[in-house]
Amino acid sequence: MDLPQIESVHQGATPPAASGAHRPRGRLSQIVCWPLFLVSVALVAFGLAVCWSAVQTDDDYNFSRQLVGVALGIVCMVALWAFDYRKFGALTYPLLIVSVVLILSPHLPIIGRTVMGATSWIYIGMQVQPGEFAKVTVVLFAASLLARYNGRLDSVAEYCKCTGLLLIPFAAIMTQPDLGTGLVYLFISAVVLVMGGARLRFLLITLAAFVALIACVFAVDEVLKYQTADGAWEYRLLKNYQRSRLFVFMNQDSLAATDEGYNLKQAMIAIGSGGLFGKGFGYSTQSSLGFLPEAPTDFIFCVLAEELGFFGVMLLLGLYAALVAISIYIARTCGNLFGMLIVCAIVGMWLFQILENVGMCCGLMPITGIPLPFVSYGSSFMIVNFAMLGLISSVYFHEMTPMRGAGYATAR
């Protein structure tokens, strides 16, 4: 993708008109991107229907909380939609600080909560997951950081500086630990580095170093492992379930040997039993009989496949494809590098979550706790997805009426 040439706009100067700025002010089409709006409404409605079906037979989930998440998400979306996203461009380091504070807040006494071995939640009248909300600030921070280089990052020192700063949220989230959310942060950073103009050689070296680091972690874990009183082996760097998920992915012949293998087997049974048209809405047996674990969250794609079959799956994937295509169009026509990077980061985040969630259910990706956008149960997760829609809508809207002011970089 050819990156736009950027010129800095100094205080008091009027930025050049962005694409679409010649359109008359006040037209509804200038405020609302109707294709994005309609696809989003269809996707949210479809996701709520699937989520409602998934929670009916599980007393641990309350569908009204999902509706509260949607309501709060709409409020956040409208607020970010109306706010000029370009004002975030000068807040690079404050955004990083806010991200780290959000991620580390579950470690605070009294409000912090540990659920299923991860200290990822806080209780403030209701239980929320700050690491999810940090996705918004991580997107803005990463886009703001790379926008400073005007689409060309070819200095080794500056590249190392950017990479180090982008790794801070990942390091913070691993204190919980929450590897799934950490991988989302890493993918957001990778997309922004690629689209922000980092040299290919730097990116390939970083990828090779990342693979080598993973290999070293496993090797060191083998050396440092110890045996507990009951004879089981424990590892110091990676949790046993994390290693088990990777080994199950690499050797699916041992599906029944571990809990993760059992989960994958039940997920594949659910998907295969749906056939072309599914068993009917609300008639999934794998989840209703308790065979499918975490059906409303991690494995909700399996519920969809079992109840609505191949055609239901293709409908969902078609809505995702439309959402991504429209967002990419907004990014390509955006006259501002910062705005383009925001939209690309959000699209990359969605794509990674979709491919990982669907892939893990089909045995094509390792099992992680990454939910499915706009479909999986979780009010925090739903609010964040609406916030991302608000940011994309803000880019669309404010590129129609460029702001006069300081500190903005606008493409010519």
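Residues numbered from 1 in each chain as written. Predicted model: local features only at pLDDT ≥ 70, side-chain atom pairs only at ≥ 80, totals over all residues. Heavy atoms only, no water.

Asks: Outline helix α13 (residues 337-362), listing residues and values.
Replies: Taking 1.5 Å per residue, 26 residues should reach 38 Å; α13 reaches 37 Å between its end C-alpha atoms and fits that length. Among the 26 residues in α13, 23 count as buried, and that is most of the element. Between a side-chain oxygen at the N-terminus of α13 and the backbone nitrogen of F338 the separation is 2.8 Å; the capping residue is N336. Looking one or two residues past α13, G363 carries a phi angle of roughly 80°, positive in sign. (Helix = DSSP H or I, 4+ residues; strand = E, 2+ residues; numbered from the N terminus. Expected span 1.5 Å × (residues − 1). Buried < 20%, exposed > 50% of the residue type's maximum accessible area, 1.4 Å probe, protein only. Polar contact = N/O pair within 3.5 Å; in protein donor to acceptor, adjacent residues only side chain to side chain.)

Asks: Tell me about the packing of aromatic side chains, and please be specific about residues and values.
Replies: Applying the stated criterion to the full structure yields 11 aromatic pairs. Where Y61 meets Y377, the ring centres are 4.9 Å apart and the plane angle is 80°; that geometry is what we call edge-to-face. Taken together, the residues span a long stretch of sequence, with Y61 in the loop between α2 (34-55) and α3 (63-82) and Y377 in the loop between α13 and α14 (379-398) at a distance of 316 residues. As far as the burial class goes, Y61 and Y377 line up, both buried. Relative to F311, the ring of F277 has its centre 5.0 Å away and its plane inclined at 15°; by these criteria the two rings are stacked. Of this pair, F277 sits in the loop between α10 (259-273) and α11 (285-288) while F311 is found in helix α12 (residues 300-333), placing the two residues 34 residues apart along the sequence. Since its relative accessible area comes to 62%, F277 is described here as exposed. Put simply, the rings of F277, F310 and F311 pair up and form one aromatic cluster. Above the plane of the ring of F202 lies R199, whose end atom (NZ or CZ) is 5.8 Å from the centre. (Phe/Tyr/Trp six-rings, centres within 6.5 Å; stacked < 30°, edge-to-face > 60°. Lys NZ or Arg CZ within 6 Å of the ring centre and 35° of its normal.)

Asks: Describe in detail the nonpolar core, supporting the description with residues and values.
Replies: Of all hydrophobic cores here, the largest spans 108 residues; its most connected members are L316, I330, I342, W350 and M388. At 17 residues, α13 tops the list of elements feeding residues into this core. What I330 contacts, discounting residues up to four positions off in sequence, is C33, L36, V343, I392, V395 and Y396. (Core = buried A, V, L, I, M, F, W, Y, C linked by side-chain atoms within 4.5 Å. Contact = heavy atoms within 4.5 Å.)

Asks: Which residues make up the packing of helix α7 (residues 179-195) against α13, and what values go with them?
Replies: Relative to each other, α7 and α13 sit at 140°, their axes nearing to 9 Å. What the angle tells us is that α7 and α13 run oblique. Between α7 and α13 lies a crossing of right-handed hand. Each of L183, V184, F187, I188, V191, V192 and M195 in α7 lies in contact with α13, whose residues at this interface are M340, L341, C344, A345, G348, M349, F352 and Q353. (Axes fitted to C-alpha atoms, helices over the stretch in contact; angles between N-to-C directions. Parallel < 35°, antiparallel > 145°, perpendicular 65-115°, else oblique. Left-handed = near helix turned anticlockwise from the far one by under 90°.)

Asks: Residue-level account of the sheet that holds strand β3 (residues 118-123), with values.
Replies: On the basis of which strands lie adjacent, the open sheet formed by three strands has the order β2-β3-β4 and antiparallel pairing. Strands at the two margins of the open sheet, each flanked by one partner only, are β2 (112-115) and β4 (127-128). Taken together, the three bridges between β2 and β3 define a ladder with antiparallel strand orientation. Residue pairing across strands places R113 opposite W121, the latter belonging to β3. (Pairing = 2+ DSSP bridges.)

Asks: Describe α3, listing the residues and the values that go with them.
Replies: Across its 20 residues, α3 extends 29 Å between first and last C-alpha, which sits within 8% of the 28 Å expected from 1.5 Å per residue. Looking at α3, one finds that the buried residues are F63, Q66, G69, V70, G73, M77, L80 and W81. In an axial view of α3, the angular spread of the buried residues amounts to 100°, which keeps them on one side of the axis. When the buried face of α3 is taken as reference, the exposed residues oriented beyond 90 degrees from it are V75 and A82. (Arc of directions from axis to C-beta.)

Asks: Which residues make up the confidence of the model for the protein chain, and what values do they have?
Replies: The pLDDT averaged across the protein chain works out to 83; a share of 83% of its residues lies at or above 70. Across the protein chain, the element-wise mean pLDDT spans from 38 in strand β1 (residues 6-9) up to 95 in helix α5 (residues 130-147). Predicted confidence is poor over residues 1-26, with pLDDT under 50, and the contacts of this stretch with residues over four places away or in other chains come to 64 contacts. Segment residues 402-412 is flagged for pLDDT under 50; beyond a separation of four residues in sequence, or across chains, it makes 45 contacts in the model. (pLDDT = per-residue confidence, 0-100.)

Asks: Help me get a handle on the pattern of salt bridges, residues and values and all.
Replies: As a working rule, side chains carrying opposite charge can pair if their charged atoms are close by. In the structure shown here, the tally under the stated rule is four salt bridges. Between E132 and K135 there is a salt bridge whose closest N-O contact spans 2.9 Å. In this pair, E132 and K135 are both assigned in helix α5, three residues apart and thus about one turn of the helix distant. Note that K279 and E306 form a salt bridge whose closest N and O atoms lie 2.7 Å from each other. With a gap of 27 residues between them, K279 in the loop between α10 and α11 and E306 in helix α12 connect regions that are remote in the sequence. What makes E306 buried here is its relative accessible area of 0%. (Salt bridge = Lys/Arg side-chain N within 4 Å of Asp/Glu carboxyl O.)

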